[in-house]
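Below, each chain spelled out in residue letters.
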Amino acid sequence: MKFKVPHTLVLLFFLMMFALALTWVIPSGEFQTEMTEQGREVVVPGTFTEVEDKEMLSPLSLFTVVPRALADAQGIIFFVLIIGGALAVVRETGAIDALLGKMINRYGERPFLLLFFAMFAFTAASATLGMAEEYIPFAVILISVCAALRLDAITAIGTMVIGYGIGYGIALMNPFTLLVAQEVAELQPASGIEYRAILAIPFLAVGFHHVWSYARKIQADPSKSLMKGAIATPASKSHSYPEMTTRHKGILLSTMAALVLLVFGIYQYSWYLVELGAMFFALAVVVGLISKLNMNETAKIFGKGASELTATALLIGFARSIALLLEDGEVLHTVVNALATPLASMGAEFSAIGMLVIQSILNFFIPSGSGQAFVTMPLMAPIGDLVGVSRQISVLAFQFGDGLMNMIVPTNPVLMGILGLAGISYDRWFKFIGPLIIKLLILAAVALVVAVWIGYS
């Protein structure tokens, strides 16, 4: 009997069971914490102690954690549902299809340029603005473009997620990861940007080569697609494209204005999910008015679009459940301490690579970049001082471990949300992204060793 890979929700539930089991066998422990001048809580090196009276989590926690996790991740969940409704209204007008028709006419013979510039844009936005959840609205559009070019959903989402992961990995001035880690490590904000900018070239080259090689393979032989046998999402079904009308142009201009406002609001006013969700809801109302849909029609389309992403919302909640169980079991600090202690006995080059390995492993347990920085950097920075690894290199190891692993760890709610929206099961995605992660981690290790040799600080 042929083995059938379980549904992604089932895989996540198995990981929840594994996380619960870890809380039973790993001793609970904690570091003392202190508040920085900026009001952020960080751990104090050398203060780790095991909790004497360990409280075992009940097996019932496996079930009670799910509604708690859904509530904890409500911001991104409702953001995804609102985006689903808003984009459904925009799609209903035919404006996106008309735009795709024009793009296919212009770039149909040059998919290389289309995919490269898309990945470059995602990388740049993540490296500077720290964008991640904000890419979710682009998934449907990119899938539709790739479908018209005889490419599958994995090519589309690969272009997006690899750009996002590399952007976080080489972060030039990402406010959510780089600047937080440098603050904890007592470095100048955005310092060391020159070396990271140089690293962007080989990392982007390796990432794009991976996507383009896969794209060429399935264009030549569609049967080699990793999506073979999967149920196509609405966006991945190719069809004819309408002519562009004045009304379509008005809708597209409104949508473009919303996206420009999105970037401006994030950069200038630190907008996040509440403001962005409100903006997309307003976009749905405006588009409904421009397209002359009556209120009832707009409401029905919005509700249907949101309902199509219910499974995606559940994936996000289940992914958050894993980290929540580990937090409840108070084992995160124990894992960090156990991984970090051996570094003190290694040479500079091996310590830098060891930091990369540790940060990569911890990204499974702490998928939040900022959270990982607050927990690990107060430990990694002083350990680096002892073994001859500059604090700038310690931060770079953190960036690589956090950013690159964001593309593969199933505890990352953004990744699971995008995969759910695209209809890509986790096992298919793992087959695609796994080999690239190995290549990028090797490249990251080389970059860290070179950083030690050149005295990067």
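Predicted model only: the values in this text are computed from it and were never measured. Position labels on residues start from 1 in each chain and follow its written sequence. In view of the model being predicted, local features appear only for residues whose pLDDT reaches at least 70, and side-chain atom pairs are presented and counted only at 80 or more, with totals across whole chains, interfaces and linings using the full set of residues. In computing side-chain properties, one takes all heavy atoms of the structure into account and sets aside hydrogens as well as water.

**A few points about the overall build of the protein chain**
Starting at the N terminus, helices and strands are each numbered in turn, a helix being any DSSP run of H or I of at least four residues and a strand any DSSP run of E of at least two. Summing up its helical and strand segments, the protein chain has 19 helices and 4 strands in all. Computed over C-alpha atoms, the radius of gyration of the protein chain comes to 23 Å, within 12% of the 23 Å expected from 2.2 N^0.38 for 457 residues, which places it in the range of a compact globule. Its C-alpha atoms give the protein chain principal-axis dimensions of roughly 65 × 55 × 50 Å. For the exposure calls, accessible area comes from a 1.4 Å probe over protein chains only, and a residue counts as buried if that area is under 20% of its type's maximum, exposed if over 50%, partly exposed in between. The burial tally for the protein chain puts 54% of its 457 residues in the buried class. We compute the radius of gyration over the C-alpha atoms and compare it with the globule rule, which gives 2.2 Å times the number of residues raised to the power 0.38.

**A closer look at a positive patch on the surface**
Where like charges cluster on the molecular surface, the positive patch consists of Lys102, Arg106, Arg110 and Lys249. Topologically, arginine 110 is positioned in the loop between helix H4 (95–107) and helix H5 (111–129). Note on arginine 110: relative accessible area 41%, which makes it partly exposed. Residues enter patches when their relative accessible area tops 30% and they take part in no salt bridge; the joining distance is 9 Å for like charges and 5 Å for the nonpolar side chains Val, Leu, Ile, Met, Phe, Trp and Tyr. All accessible-area figures derive from a Shrake-Rupley calculation using a 1.4 Å probe, and residue coverage is judged against the displayed protein chains alone. Salt bridges, as used here, are contacts in which a Lys or Arg side-chain nitrogen is within 4 Å of a carboxyl oxygen on Asp or Glu. We count Lys and Arg on the positive side and Asp and Glu on the negative side, and we leave His and both chain ends out. By convention, the charge on Lys lies at NZ, on Arg at CZ, on Asp at CG and on Glu at CD.

**What to know about the nonpolar core**
To define a nonpolar core, start from buried Ala, Val, Leu, Ile, Met, Phe, Trp, Tyr and Cys residues and group those joined through side-chain atoms within 4.5 Å. By size, the foremost hydrophobic cluster in this structure holds 156 residues, and its most contacted members are Ile157 and Phe400. Element by element, the count of residues in this core is highest for helix H19 (residues 426–454), at 13 residues. Two residues form a contact once any of their heavy atoms are found within 4.5 Å. Not counting the four nearest positions on each side in its chain, phenylalanine 400 is found in contact with Gly169, Ile170, Leu199, Phe203, Leu356, Met405, Ala444, Ala447 and Leu448.

**What to know about the environment of methionine 416**
Structurally, methionine 416 can be placed in helix H18 (residues 413–422). The exposure class assigned to methionine 416 is buried, which follows from its relative accessible area of 1%. Sequence separation between methionine 416 and alanine 313 is 103 residues, and the spatial gap between their C-alpha atoms is 9.1 Å.

**Some remarks on unusual backbone geometry**
With phi around 65°, arginine 150 is a residue other than glycine that occupies positive phi space. With respect to the element layout, arginine 150 can be found in the loop between helix H6 (136–148) and helix H7 (153–169). The residue alanine 190 is not glycine, and still its phi comes out positive at about 65°. Examined against the element boundaries, alanine 190 turns out to sit in the loop between helix H8 (178–184) and helix H9 (193–220).

**Topic: the packing of helix H10 (residues 246–269) against helix H11 (residues 273–290)**
Geometry is summarised by axes, namely lines fitted to C-alpha atoms with helices restricted to the contacting stretch, and by angles between N-to-C directions that run from 0 to 180 degrees. Two elements in contact, H10 and H11, have axes separated by 10 Å at closest approach and are oriented at 165°. Looking at the two axes, H10 sits roughly antiparallel to H11. Taken as a pair, H10 and H11 cross one another with a handedness that is right-handed. In this structure, H10 uses Arg247, Gly250, Ile251, Ser254, Thr255, Ala258, Leu259, Leu261, Leu262 and Ile266 to contact H11, whose residues at the interface are Leu276, Met279, Phe280, Leu283, Val286, Val287 and Ile290. Charged means Asp, Glu, Lys or Arg here, nonpolar means Ala, Val, Leu, Ile, Met, Phe, Trp, Tyr, Cys or Pro, and polar covers whatever is left, Gly included. Counted by class, the contact of H10 with H11 contains 13 nonpolar, 3 polar and 1 charged residues. Roughly parallel here means an angle under 35 degrees, roughly antiparallel means over 145, roughly perpendicular means 65 to 115, and every remaining angle is called oblique. Should the near helix be turned counterclockwise from the far one by less than a right angle, the crossing is left-handed, whereas a clockwise turn marks it as right-handed.

**Examining the side chain of histidine 210**
Along the polypeptide, histidine 210 turns up in helix H9. A distance of 2.7 Å separates a polar side-chain atom of histidine 210 from the backbone oxygen of phenylalanine 432. For this analysis, a polar contact is any N or O atom pair within 3.5 Å, provided that within protein one partner can donate a hydrogen and the other can accept it, and provided that sequence-adjacent residues contribute only side-chain to side-chain pairs.

**Observations concerning the side chain of serine 360**
Considering the arrangement of structural elements, one finds serine 360 in helix H15 (residues 348–365). Serine 360 gets classed as buried once you look at its relative accessible area, which sits at 9%. From its side chain, serine 360 meets the backbone oxygen of leucine 356 in a polar contact 2.8 Å long. Contacts of serine 360, omitting those with residues within four sequence positions, involve Gly401, Met405 and Leu441.

**Quick look at the packing of aromatic side chains**
Here is the rule: rings of Phe, Tyr and Trp (six-membered ring for Trp) pair when centre to centre is within 6.5 Å. Planes less than 30 degrees apart are stacked, more than 60 are edge-to-face, and the remainder are tilted. Here the structure, examined in full by the defined rule, presents 16 aromatic pairs. Here phenylalanine 116 and phenylalanine 208 contribute two aromatic rings whose centre-to-centre distance is 5.4 Å and whose plane-to-plane angle is 90°, an arrangement assigned as edge-to-face. Linking phenylalanine 116 in helix H5 with phenylalanine 208 in helix H9, this pair joins segments that are 92 residues apart in sequence. With a relative accessible area of 26%, phenylalanine 116 lands in the partly exposed category. Look at phenylalanine 208 and you get buried, because its relative accessible area is 7%. Relative to phenylalanine 432, the ring of tyrosine 214 lies with its centre 5.2 Å away and its plane at 70°, an arrangement referred to as edge-to-face. Placement of tyrosine 214 in helix H9 and of phenylalanine 432 in helix H19 is noted, with a sequence separation of 218 residues between them. Here phenylalanine 432 falls in the buried class, since its relative accessible area comes to 3%.

**Details of the pattern of salt bridges**
Across all of its chains, the model carries 3 salt bridges by this definition. Across the salt bridge formed by aspartate 328 and arginine 68, the nearest N and O atoms sit 2.7 Å from each other. Separated by 260 residues along the polypeptide, aspartate 328 in helix H13 (residues 310–328) and arginine 68 in helix H2 (residues 61–72) bring together distant segments of the chain. A relative accessible area of 30% means that aspartate 328 is categorised as partly exposed. Measuring nitrogen to oxygen at the nearest pair gives 2.5 Å for the salt bridge that ties aspartate 72 to arginine 320. In this pair, aspartate 72 is assigned in helix H2 and arginine 320 in helix H13, connecting sequence segments 248 residues apart. Overall, aspartate 72 belongs to the partly exposed group, its relative accessible area being 46%.

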